[in-house]
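# Geometric and topological summary
The residues making up each chain are set out below.
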Amino acid sequence: MANVPDNLHYSKDHEWVRVDGDTAVIGITDHAQEQLGDVVYVELPKAGDEFAANDSFGSVESVKAVSEIFTPVSGKVAEVNQSLSDEPEKVNKDPYGEGWMIKTKMSKPGEVDSLLTAAEYEDFTKAEE
Amino acid sequence: MTAPALELRKTALNDLHRAMGGRMVEFGGWDMPVQYPAGTMAEHLRTRTHAGLFDVSHMGEIDVRGPDAIPFVNRLVSNDATKLVDGQAQYSALTTPEGTVIDDLLVYRLAEDHLLLIVNAGTTDKDWDWIKSHYQNDDVELRNASAEYCQIALQGPDAISILQKLTDVPLSEIKYYHFRYAPVDTVPSIISRTGYTGEDGFEVYAPPDKAEQLWKRILDAGNFGSDDGVLPCGLAARNTLRLEAGMCLYGHEIDENTTLLEANLGWIAKLNKTDFIGREALAKQKEAGIKRKLVGFEVTDRGIARDGQDVLIDGQRAGNVTSGSPAPFLKKNIGMAYVPVDFADAGQRIQIDVRGKLLAAEIVPLPFYKRAKN
């Protein structure tokens, strides 16, 4: 079964958000990486790029498919996980840790309240199957 | 996702695929494993270095039997079926009067009066109708025998030693593109030295009710579970393996809008044999020269080209990608595409429109991957 840590917020597009002050760390869930299979390429924005909630900020590719990734919160990208360009497999191995994708300075921190809790996300993925 | 209009067909191994954790997808009307828990990357690499096991039972089999079997088939296919000897297989194509491709197939000569045509899953019904519609007064019996066979492909450098544990026939004596009737683990089978991966290997045709037995016995014989043992593989690895080996996939590189000559398959268009459907059109095209050609390319920028994307040459849209993917063994991003023949030489710089971003790529010789021959 896919791992769904309690301390994160989740989107219906299978991203997770970890809130650290006014910064949101964003990645894709264990369920998402399982569905994708071996991640071979991750395309990410640049620091300084601005996105509104639900905008696509990049893409993640497996051998077979391309999936867009969407930011669950609005804000300006403060930092990008550059190491994924050479080691995209981190997304598979450690989706909630070394496989994080971007850190965003949130412009509307209240947006995280509308995201799913771990329990809600687990129910959501079960219903999707 | 929309529900499929028809219920998907299942091979005899469907339950086993699910039990083994295969992720199932629709392919050509069939419910097939796209990958197993090891993942496409591992499956691909293991096939190149040791062995991979593939369920290809979805492929169709059309049985042609009778004194006119060879002349009948030879009217429909582009390669020369009269050149076959008993126990030999031949890559060939069913062509339209325009020289385009209805399907690519293998023709097996079981006997002088008995051929077996191995066709693609998604085109089996179309092929069957086409073949039946060209029956005249030939002394042949035609049968869609697809349900009578399971087909299991064991591919990779260790395929021969693994399969040899299960059969008495000396496999090293079966030459490439030849086959024997022999029991595999007591199951009466056709053991064919063919495949779709660019590796040495075998395709085993057997009764479907023996499919699970064969699958399990081959996994055991191949030490499935150990680091250098055989891995069951899904369709995704089958696709990347064939792409590295530069082989055409029906519906991608070839279809009813592409001719054999454009697809570099002139070698199976035997224009000097007795007449066949499409011969005249192909002869004319050969004389006039093709306008576009299938090429291989390597993406030189970071990024992955995918099926259907546009190819640009000197800023002009000039063709499209027929198959694009990461190449797990070569560790490059590769693809095949149709481009105008004047721009089809190796070294030609092209661009691929990857979702609005133009990536640089270069035409390279096919195949991308060729195994070292012993």
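Let us look at the structure shown here. All figures in this text were calculated on a predicted structure; none of them were measured in a lab. (Residues numbered from 1 in each chain as written. Chains lettered and ligands numbered in written order. Predicted model: local features only at pLDDT ≥ 70, side-chain atom pairs only at ≥ 80, totals over all residues. Heavy atoms only, no water.)

### Some thoughts on the pairing of strand E17 (residues 332-340) of chain B
Residue and element names in this part refer to chain B.
- Most of E17 sits out of view: 7 of its 9 residues are buried.
- As defined by bridge partners, strand E14 (residues 292-299) adjoins E17 across 7 bridges and the pair is classed as antiparallel. Bridging from a neighbouring strand, glutamate 298 pairs with isoleucine 334 of E17.
- Looking at chain direction, strand E16 (residues 316-327) and E17 are connected through 7 bridges and run antiparallel. Residue pairing in the sheet places serine 323 in a bridge with methionine 336 of E17.
- The antiparallel hairpin formed by E16 and E17 contains 4 residues in its connecting segment, where lysine 331 sits at a positive phi of about 55 degrees. (Buried < 20%, exposed > 50% of the residue type's maximum accessible area, 1.4 Å probe, protein only. Helix = DSSP H or I, 4+ residues; strand = E, 2+ residues; numbered from the N terminus. Pairing = 2+ DSSP bridges.)

### Regarding the pairing of strand E2 (residues 15-20) of chain A
Residues and elements named next belong to chain A.
- By the bridge criterion, 2 bridges tie strand E1 (residues 9-10) to E2 in an arrangement that is antiparallel. Bridge pairing links tyrosine 10 to tryptophan 16 in E2.
- As consecutive antiparallel partners, E1 and E2 are separated by 4 residues, and within that stretch histidine 14 has a phi angle of approximately 75 degrees, a positive value.
- The pairing of E2 with strand E3 (residues 23-28) spans 6 bridges and is antiparallel. Across the sheet, the residue bridging to valine 17 is isoleucine 26, located in E3.

### With respect to the sheet that holds E2(A)
- Read from one edge of the open sheet, 6 strands run E1-E2-E3-E9-E8-E5 (chain A), paired in antiparallel fashion. Both outer strands of the open sheet, E1 and strand E5 (50-51) of chain A, are each paired with one neighbouring strand and no more.

### Digging into the interface of chain A and chain B
- In this assembly, 17 residues from chain A lie in contact with 18 residues from chain B.
- At the boundary of chain A with chain B, total buried surface from both sides reaches about 1300 Å², with 48% on carbon and sulfur atoms.
- Inspection of the region where chain A meets chain B yields 3 salt bridges.
- A salt bridge links Lys357(B) to Glu43(A); its shortest N-O distance comes to 3.3 Å.
- The tally of links from chain A across to chain B stands at 11 residue pairs in polar contact (both at pLDDT 80 or more).
- Of all elements in the fold, only helix H1 (30-36), strand E4 (39-43) and strand E6 (56-62) of chain A reach the threshold of two or more residues within the side of chain A that touches chain B. (Contact = heavy atoms within 4.5 Å. Buried area = accessible area lost by both parts, 1.4 Å probe. Salt bridge = Lys/Arg side-chain N within 4 Å of Asp/Glu carboxyl O. Polar contact = N/O pair within 3.5 Å; in protein donor to acceptor, adjacent residues only side chain to side chain.)

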